[in-house]
Amino acid sequence: MNLDFLGLLPCALKVPFEASLSNYLEQRKGKMEEKSLHYSVVSNANNELSFFSKLKDMTDFRWLPQMVLAPGFNGFFYKNFMESYKASHFCSVVPFNMNPLWQKYDLLDPQGTYTLLGFNPTVFLIDKTVHKELPTPKRWSHLLNPEYKGKVAIRGHHRPSGETPIEFCEGILLNIFKEHGEEGIEKLGKAVGWSLHPSEMIKLTGSKKNNAPAISAVPYSFAKLAKKDENISILWPEDGAIINPIVLMVKNESEKNLLLEFLLSSHLAKVFSEIGFASIHGEAAEALSENNHYKWLGWDFIYENDLEHLKSYLNKVFFTTYRGESQ
């Protein structure tokens, strides 16, 4: 069955997304098209690898759903896909009422292929429970300073056996490399003592363990779940929370239907906002403080680099100095 929509969603988004979509379609039964709408919403963590492995090797686009929503700098951004297929097969879409952040930070794809439907900002979760004298970092570049050696946690994907991480947080690595080169990646490796799932970072925060991270670079959607006290706080970097994109791919021949209507609606924007994501819809503009700043990798960087190979290379450079407990 050829799907109208496939959602490869972060764990925090999957359940509320499904509930909101089901409710949206139920309320609009009278507007349903004659043909049924076929869709699937799955956890990205369990399905991304197989989906993008298939995408990498494909020669025929007919198996792809009409619309795909997926997080991160995934296979849709890899050079082989971008150069071989995207321009003639996909088009960007925007809601009538657009969040002004999209223009302020140039989040609209100038080539009209990708739709950055939302994003998950990465912030600092500061824990002074144990490290009371450690200065608080204000910017991403501060994490590269020697005083943070072994005191920082970032996201890392692990093998099922718990061995060495396969891949560290791509958004952080790519942005640090863009601004500070390989030397910056090496310095970051020295600072990082933990590669964890964000939920693990939250559990360690305030645990009073001597080996707990002093700074966790964590998605805001998780950071706001941590218990706050005089020692625990969320810090929005002065140079901006790193934008981890949630990208919608829409085939050129896709028909306008209730699924696309939902994806561009205030209903989905509300779901994003409640979790802690930013949404392209204008009604979500007030969900995050207007005083917050964001750091976007930029379309020029995306189009000029082979992100598949760059991500792999930066992970290798990072690991040469990574100070995790696995070493």
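**A few points about the packing of helix α5 (residues 170-191) against helix α11 (residues 307-319)**
Working step 1: Axis separation between α5 and α11 bottoms out at 10 Å; the angle between their running directions is 35°. Where α5 crosses over α11, the handedness of that crossing is left-handed. Where α5 abuts α11, its residues Glu170, Leu173, Leu174, Phe177, Glu182, Ile185, Glu186, Leu188 and Gly189 lie against Leu307, Leu310, Lys311, Tyr313, Leu314, Asn315, Val317 and Phe318.
Working step 2: For the contact of α5 with α11, the class distribution of residues is eleven nonpolar, two polar and four charged.

**Some remarks on the environment of Lys151**
Working step 1: On the secondary structure map, Lys151 appears in the loop between β4 (115-127) and β5 (152-157).
Working step 2: C-alpha of Lys151 to C-alpha of Ala214: the two residues are 63 residues apart in sequence and 5.4 Å apart in space.
Working step 3: Every residue in contact with Lys151, bar those within four places of it in the chain, is listed here: His131, Leu134, Ala191, Trp194, Pro213, Ala214 and Ile215.

**Considering the pairing of strand β3 (residues 67-71)**
Working step 1: Across the five residues of β3, five count as buried, placing the element largely inside the fold.
Working step 2: Covered by surrounding structure in β3 are Met67, Leu69 and Pro71 together with Val68 and Ala70, the residues of both alternating faces.
Working step 3: Pairing analysis gives three bridges linking strand β1 (residues 5-9) to β3, with the strands arranged parallel. Looking across to β3, one finds that Phe5 is bridged to Met67.
Working step 4: Here β3 runs beside strand β10 (residues 241-250); their pairing, made up of five bridges, is antiparallel.

Parameters at a glance
Residues numbered from 1 in each chain as written. Predicted model: local features only at pLDDT ≥ 70, side-chain atom pairs only at ≥ 80, totals over all residues. Heavy atoms only, no water. Axes fitted to C-alpha atoms, helices over the stretch in contact; angles between N-to-C directions. Helix = DSSP H or I, 4+ residues; strand = E, 2+ residues; numbered from the N terminus. Left-handed = near helix turned anticlockwise from the far one by under 90°. Contact = heavy atoms within 4.5 Å. Nonpolar A, V, L, I, M, F, W, Y, C, P; charged D, E, K, R; others polar. Buried < 20%, exposed > 50% of the residue type's maximum accessible area, 1.4 Å probe, protein only. Pairing = 2+ DSSP bridges.

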